[in-house]
Amino acid sequence: MHIVFAASECVPFAKTGGLADVVGALPPELVRLGHQVSVYLPLYKTVRKFLPEDFKYAVRSITVPFEYYNRFAAIVDGGVRDGVQYYFVDCPELFDRDGFYGPKGGVGDYGDNAERFGLFCRTVLEASKQLGVPQVFHVHDWQGAMIPIYLRTIYYFDPVLRPVATVLTIHNAGYQGWFPPKTIEQLLLPWDLFTFDKVEQNDTFNFLKGGLIYSDYLTTVSRTYAQEIQTPEFGAGLESVLIKRHWDLRGILNGVDYAQWDPARDPKLAAHYSAEDLTGKKECRRDLLHAFGLNDVPHTTPVIGIVSRFATQKGLDFIAQIADKLTERNMVLVALGNGEPYYENFFRDWAAKRPHQIATQIRYDESLSHKLEAGSDIFLMPSRYEPSGLNQMYSLKYGTVPVVRATGGLEDTIEEWHADERTGTGFKFYGYHPGDLLWAIDRALWVYHNDPDGWKTLMLNGMAKDYSWVHPAKEYVEVYEEVLRRRG
Ligand code: ADP
Ligand code: GLC
C-alpha cells in the first residue's frame, strides 16, 4: 500500500513537540511492515540545513491559485531515509521563516497561516498526481486538514484523486486553525461550505472541523483521549462532530522510537545504563545537575524533572500554586521548556528565589531533554489534558518515575504504584486541584525516601514496559485497510 503523510512537523527536520516524533517514527515502521510511504513537509528555514548543496527539485513549479493571484510552489526531493521518501514543499515567501506557526520567541500566529497551510495541502494534492498517487492520504492536525476538505469538494471530480482514502489524526484538539470567513474566498472555495455542518464554527473557518467532517476516518493518539474529546470538557467545541462520527474514530496510542530513546545506547548521555545495570544513571544525574548549575546536591535528595512546551495544556499553573509548599520538601527541581511568557517568568522567578533548589533553562534543547530524562528521579507531567504524551513513556524507559495527571495518554500509560503488590509504574492524580498534585508528589517522595527497594521496583516496572511502534503501526494499517475497503 502507498501512503502519503502530510504534516507540519517531522523529526529530525522540524519539531516543536510530539507530533514531530510521531511523524518521524511511524512511517519507517510502516515501511518495515512492507508499505510504501512518502512524507510531505513544508520547507521551513530549519529544514534547509538538511539539504545537500546539490539538492534536486522533484517538481519545479506548481501553480496554486488564490483569490487575486497565483503562488508557485516547488517540491524539493528530500531523499530516502529508512525507506521513507521525503518531499519538502518549497514556497519561500510563506515558509522560509524562523518559526513554523508564528514568530519564534514571539506570541501568537502568523497572520497568513490559512494561506500557508492551504497552499501546503493543495500542493501535496497536485504534487502527488505527478510523483505518485497513494491509496491513502494520512494527514495530521489542522495543518493537514485542508487535504480532505479539498479532496471532497473542489477536487471531487478529479478522476485520479477521487479513489484516494483519507485518514486524519487528531494530535491535539485544542489547536484547530480558526480563520476569518473571508478565507473561503481567499482559498477559492464555494460559500456553501461555510455552514455549521461543514467548516463553519462560531463564524470562523475552522480547518480542523472541516477535516473531521470530510475525512473518511479519524484517529487520535490514545484511547482515553478518543473518549474525552467527545465531551465538552475536552472537545473544545468539536465534541458534537466527534460524537456524530464516533464509529469512525479510533484511539491509537503513540509509540516510542527506542532507536532514539534508550538509555543503554543514547549518545546524548554522559553514561549508559539499563535495567540489568543501573549504575550509569548516577553519572547521568551528576551530568544533569552540572548542566543546570546545581552543585552539592546530597545524593539522598531526589531530582524532579520537567520537559515541556510551556502551554496552559501542560498544567504548569498547578505547579505554580504549590511552589512554596514544594520547596519545603527534600528535593531539587529542574525544568526545561519554553513558550508562553507567563510560565517562562514563573520558572525564572522561582529559580531566582531558590537558586540551590530550583533551576530552569528556558529554551528548546534536544540534547538536554535526553539528559533530563536520564538524570532525574521523578518526571512531572500534571497536564490539564494530554492526547498521548511521549515524555512519560520516555521516562519509563529511563527509569525515571512519572507523576502525572490521569488524563488522555497519561491515564493509559501510567499505572499507580501499589506498595503491597509491588505493582505500578508511577503516581497519578485525578482532580483539578493543585492539592491533588502535591499529594501525588508526596506519595512519590515518601517511597523514594522510605522504601528504597520499592523505589527500585517502581523503576524496573517502568523500564520493563514496551511502548515500541510495532503495535501502533499495525493498528494504523488496519485503519488504512478499513478505509480502502469502504471506498471499494
Ligand atoms: P506535546 O507534543 O504536547 O508537546 P509530547 O509529550 O507528546 O507533548 O511531546 C513533547 C516532545 O517535545 C518530546 O519529545 C519532548 O522531549 C520535546 N520537548 C518539549 N519541549 C522541549 C524543550 N524545551 N527542549 C527539548 N525538547 C522538548
Ligand atoms: C500533541 C499532544 C501530545 C501528543 C503529540 C503527538 O502535541 O499534545 O499529547 O503526544 O501531539 O501525538
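Residues numbered from 1 in each chain as written. Chains lettered and ligands numbered in written order. Predicted model: local features only at pLDDT ≥ 70, side-chain atom pairs only at ≥ 80, totals over all residues. Heavy atoms only, no water.

**A look at the overall build of the protein**
Assigned secondary structure in the protein consists of 20 helices and 18 strands. A compact globule built from 488 residues should have a C-alpha radius of gyration of about 23 Å, and the protein, at 23 Å, falls within 12% of that. Expressed as lengths along the three principal axes of its C-alpha atoms, the size of the protein is roughly 70 × 50 × 45 Å. Per-residue burial over the protein gives 61% buried out of 488 residues. Taking the contacts inside the protein whose residues are at least 6 apart along the sequence as the reference set, 70% of them involve residues at least 24 apart. Counting every atom, the protein has about 19400 Å² of accessible surface; 52% of that belongs to carbon and sulfur. (Helix = DSSP H or I, 4+ residues; strand = E, 2+ residues; numbered from the N terminus. Rg over C-alpha atoms; globule rule 2.2 N^0.38 Å. Buried < 20%, exposed > 50% of the residue type's maximum accessible area, 1.4 Å probe, protein only. Contact = heavy atoms within 4.5 Å. Areas by Shrake-Rupley, 256 points an atom, 1.4 Å probe, with all protein chains shown as cover.)

**Let's talk about the environment of tyrosine 448**
With respect to the helices and strands, tyrosine 448 occurs in helix α18 (residues 434-450). Residues tyrosine 448 and proline 302 lie 146 residues apart in sequence; the distance between their C-alpha atoms is 7.6 Å. Not counting the four nearest positions on each side in its chain, tyrosine 448 is found in contact with Arg285, His299, Thr300, Thr301, Pro302, Asp377 and Trp455.

**Concerning helix α1 (residues 18-32)**
The α-helix winds at 3.6 residues per turn, so residues separated by three or four positions along the chain end up facing the same way. For α1, which comprises 15 residues, the first-to-last C-alpha distance of 22 Å matches the rise-based estimate of 21 Å (1.5 Å per residue) to within 8%. Here α1 lies mainly inside the structure; 12 of its 15 residues are buried. For α1, the complete set of buried residues consists of Leu19, Ala20, Asp21, Val22, Val23, Gly24, Ala25, Leu26, Pro27, Pro28, Glu29 and Leu30. Of the residues flanking the end of α1, it is glycine 34, one or two places downstream, whose phi is positive at about 100 degrees. (Expected span 1.5 Å × (residues − 1).)

**A short note on the packing of aromatic side chains**
In the structure shown here, the tally under the stated rule is 31 aromatic pairs. Taken together, a centroid distance of 5.1 Å and an interplanar angle of 80 degrees make the contact between phenylalanine 13 and phenylalanine 50 edge-to-face. With phenylalanine 13 in the loop between β1 (2-6) and α1 and phenylalanine 50 in the loop between α2 (45-48) and β3 (57-65), this residue pair connects regions lying 37 residues apart in the sequence. Phenylalanine 50 sits in the partly exposed class, given a relative accessible area of 29%. Their ring planes at 40 degrees and their centres at 5.1 Å tell us that tyrosine 40 and tyrosine 87 sit as a pair that is tilted. With tyrosine 40 in strand β2 (residues 36-42) and tyrosine 87 in strand β5 (residues 84-90), this pair connects stretches of sequence that are 47 residues apart. Through a chain of ring-to-ring contacts, the aromatic side chains of Tyr44, Phe95, Phe100, Tyr101, Phe117, Phe120, Trp142, Phe179, Phe205 and Phe207 assemble into a single cluster. Positioned above the aromatic ring of phenylalanine 196 is the side chain of lysine 209, whose terminal nitrogen or guanidinium carbon lies 3.6 Å from the ring centre. (Phe/Tyr/Trp six-rings, centres within 6.5 Å; stacked < 30°, edge-to-face > 60°. Lys NZ or Arg CZ within 6 Å of the ring centre and 35° of its normal.)

**Points about the domain arrangement of the protein**
Domain parsing of the protein yields domain 1 (2-255 + 469-486) and domain 2 (279-463). The C-alpha centroid of domain 2 is placed 33 Å from the C-alpha centroid of domain 1. Each partner contributes residues to the interface: domain 1 has 20 residues there, and domain 2 has 20 residues. For the domain 1 and domain 2 pair, buried surface summed over both sides reaches about 1500 Å², with 55% attributable to carbon and sulfur atoms. The largest per-residue losses of area from domain 1 upon contact with domain 2 belong to Lys15, Thr224 and Leu253, which jointly make up 24% of the total buried on that side. (Domains from an automatic or database assignment. Buried area = accessible area lost by both parts, 1.4 Å probe.)

**Observations concerning the site of ligand 1**
Contacts to ligand 1 come from 22 residues, most closely from Lys15, Gly18, Asp21, Arg309 and Lys314. Contact between ligand 1 and aspartate 365: a nitrogen atom at 2.9 Å from a main-chain N or O atom of the residue. Summarising the interface, the protein chains cover 94% of the accessible area of ligand 1, which totals 560 Å² for the free molecule. Those elements that place two or more of their residues in the shell around ligand 1 are α1, β13 (303-310), β14 (332-339), α15 (366-375) and α16 (391-397). With 3 residues, β13 is the single largest residue contributor to the shell around ligand 1. Here the shell around ligand 1 is composed, by residue class, of 6 nonpolar, 8 polar and 8 charged. Each of two domains, domain 1 (2-255 + 469-486) and domain 2 (279-463), supplies a minimum of three residues to the shell around ligand 1. (Near = heavy atom within 4 Å. Polar contact = N/O pair within 3.5 Å; in protein donor to acceptor, adjacent residues only side chain to side chain. Nonpolar A, V, L, I, M, F, W, Y, C, P; charged D, E, K, R; others polar.)

**Observations regarding the pattern of salt bridges**
The full count for this structure, using the stated rule, is 33 salt bridges. Arginine 48 is the salt-bridge partner of aspartate 96, the closest N and O atoms lying 3.4 Å from each other. Here the residue aspartate 96 occupies a position in the loop between α3 (92-95) and α4 (113-131), and arginine 48 occupies one in helix α2, the gap between them amounting to 48 residues. Residue aspartate 96 is classed as partly exposed on the basis of its relative accessible area of 31%. The salt bridge involving glutamate 478 is made with arginine 250; its shortest N-O contact spans 2.8 Å. Of this pair, glutamate 478 sits in helix α20 (residues 470-487) while arginine 250 sits in strand β12 (residues 249-251), placing them 228 residues apart in sequence. A relative accessible area of 42% places glutamate 478 in the partly exposed class. (Salt bridge = Lys/Arg side-chain N within 4 Å of Asp/Glu carboxyl O.)

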